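An overview of the molecular structure
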Amino acid sequence: MHKLCKGSLLILSLVLLISCDKKRVYDAYESVGNWHKDSLVSFKIEDIDTTKQYNLFLNIRNDNRYAYSNLFLITRMHFPEGKVISDTLEYEMAKPDGEWLGTGFGDVKESKLWYKENVRFDEAGEYTIDIQQAMRKNGETTGIEELKGITDVGFRIEKATTNN
């Protein structure tokens, strides 16, 4: 098979795979490079059905420059009417033997991490999700200034299975 045909087949397969994702309501990524401790990755959610329930995920892409087995994040969900919910989260990124968790080929792995389950966006209007890295070295109180190895941060909303 010619290289052009193989490439076209791969692109067609990816398009079909993505188009079959019936649970997806929102899915976006931001590249972060060396993620500064004060940098926020923000996602704006508009026009979401206030009568349905959703599952929320944080998607993290990392490469071999990431030097830690876990990842600490601070999230803030800003509601349209001013309420803010803040969470401090910890996720495992590697097995005890150092093998990366997540999926992907080559050096980049993608982890789909649970954030919240069966959430209802009760208020009509725009929601903002802010994500900030909160990594620290053991025994130190100041955060890691520039976190290397996290390449992209994503936010995903899926229909909860109760919505069918």
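Before any of the text, the structure's been laid out above.
For clarity, every value in this text was computed on a predicted model and none was experimentally measured. (Residues numbered from 1 in each chain as written. Predicted model: local features only at pLDDT ≥ 70, side-chain atom pairs only at ≥ 80, totals over all residues. Heavy atoms only, no water.)

Comments concerning the overall build of the protein
Secondary structure summary: the protein contains 1 helix and 10 strands in total. Beginning at the N terminus, the succession of helices and strands in the protein can be written as α-β-β-β-β-β-β-β-β-β-β. In the protein, which comprises 164 residues, the proportion classed as buried is 36%. Considering only residue pairs separated by 6 or more positions, the protein has 78% of its internal contacts joining residues 24 or more positions apart. (Helix = DSSP H or I, 4+ residues; strand = E, 2+ residues; numbered from the N terminus. Buried < 20%, exposed > 50% of the residue type's maximum accessible area, 1.4 Å probe, protein only. Contact = heavy atoms within 4.5 Å.)

Quick look at the sheet that holds strand β3 (residues 41-45)
Here 4 strands make up an open sheet; going across it, the order is β3-β8-β5-β6 and the pairing antiparallel. Pairing within the sheet leaves two strands with one partner each, and these edge strands are β3 and β6 (84-92). Strand after strand, the sheet turns through a mean of 20° between neighbouring axes, direction not considered. Pairing analysis gives 9 bridges linking strand β5 (residues 70-78) to β6, with the strands arranged antiparallel. Among the inter-strand pairings, N70 is bridged to a residue of β6, identified as E92. (Pairing = 2+ DSSP bridges. Axes fitted to C-alpha atoms, helices over the stretch in contact; angles between N-to-C directions.)

Focus on the pattern of salt bridges
A complete count under the given rule lists 9 salt bridges for this structure. Between D63 and R65 there is a salt bridge; the shortest N-O distance is 3.2 Å. A residue is classified by how much of its surface remains accessible, and R65, at 44% relative accessible area, is partly exposed. Residues joined by salt bridges that share partners form a network here, namely D27, K112, R156 and E158. (Salt bridge = Lys/Arg side-chain N within 4 Å of Asp/Glu carboxyl O.)

Considerations on the side chain of D152
Along the chain, D152 falls in strand β10 (residues 150-159). A distance of 2.8 Å separates polar atoms of two side chains, one belonging to D152 and the other to S31. Among residues more than four places away in sequence, those in contact with D152 are Y29, E30, S31, V32, N59, I60 and R61. (Polar contact = N/O pair within 3.5 Å; in protein donor to acceptor, adjacent residues only side chain to side chain.)

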